[in-house]
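# Overview (structure and organization)
Residue strings, one per chain:
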Amino acid sequence: PHWYLEQYVRSFADDPQGSEYFRLAVDAFVVELVSPIADLVRDGGQLPALRMGLAGMFGRRRFQASSEVVDALLAAVRPPAPENLALRALDSLAHVAAVRAQAPLEALLFALRPEPVCQRALALILELAGEKANQALLRLFLRAPDEALRRQLIRRLDGVELAAALELLRAASGMEQPVRLEAALKVGEYAG
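As the structure is a prediction and not an experimental result, all values here were calculated from the model.

Each value, and the rule that gives it
Residues numbered from 1 in each chain as written. Predicted model: local features only at pLDDT ≥ 70, side-chain atom pairs only at ≥ 80, totals over all residues. Heavy atoms only, no water. Helix = DSSP H or I, 4+ residues; strand = E, 2+ residues; numbered from the N terminus. Buried < 20%, exposed > 50% of the residue type's maximum accessible area, 1.4 Å probe, protein only. Contact = heavy atoms within 4.5 Å. Core = buried A, V, L, I, M, F, W, Y, C linked by side-chain atoms within 4.5 Å. Phe/Tyr/Trp six-rings, centres within 6.5 Å; stacked < 30°, edge-to-face > 60°.

What follows is about the side chain of Lys 186. Here Lys 186 shows up in helix α12 (residues 177-187). Residue classification places Lys 186 among the buried positions, given a relative accessible area of 8%. Beyond its immediate chain neighbours, meaning those up to four positions away, Lys 186 contacts Ile 154, Arg 155, Leu 157 and Leu 169.

So this is what it looks like as structure tokens:
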């Protein structure tokens, strides 16, 4: 298995996308190669295309319990990761559905760029939070660095967890006018 991984890494010297043959071989041995693959995914000195291909291999439920896989994918999301790599890592995290990724993603969210990466990370945070999505939104709202983000977070409130939604809306009532307006519009969506 390690030989196939070495050949896959070397194949990027000849082809910017790497060898499909060796990619498939590494994918077949991915369980045996978790540690060296995780090291390559974390390594910002490696080519983004290589890291993307390897991060995609981790997008399987069987890696749900692997903190090594989750940590490697989170490293591939952190700035200054290229957009395509960060999006691929987020997709793999969604497939792994590792709830332990939620808190680190919340901590990273406001540093993520460009916008599609930030939006995909926010969607994943809410997906991982499940019925407690409003609690996650409240935590993010209280740390949001600007008005536009606060307004966006208010729009994402749902009707499942009303206590957290109410706390967020109360916090918004003391903010700048556009945030208060967004909160007022959101209050109008609730029946009670």
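This part takes up the nonpolar core. Grouped together as the largest cluster of nonpolar side chains are 68 residues, with contacts concentrated most on Ile 37, Leu 54, Phe 58, Leu 93 and Leu 109. With nine residues, helix α8 (residues 115-129) is the single largest residue contributor to this core. Those residues within four positions of Leu 109 in sequence are excluded, and the remaining contacts are Cys 118, Ala 121, Leu 122, Ile 125 and Leu 140.

With that settled, the discussion passes to the packing of aromatic side chains. In total, this model carries seven aromatic pairs according to the counting rule given. When the centroid spacing of 5.2 Å and the interplanar angle of 75° are considered together, the rings of Trp 3 and Tyr 4 count as edge-to-face. On the accessibility criterion, Tyr 4 (24% relative accessible area) is partly exposed. Residues Phe 58 and Phe 63 carry aromatic rings whose centres are separated by 5.4 Å and whose planes lie at 70° to one another, so their mutual orientation is edge-to-face. Each of the two residues, Phe 58 as well as Phe 63, counts as buried. A network of ring pairs unites the aromatic residues Trp 3, Tyr 4, Tyr 21, Phe 22 and Phe 29 as a single cluster.

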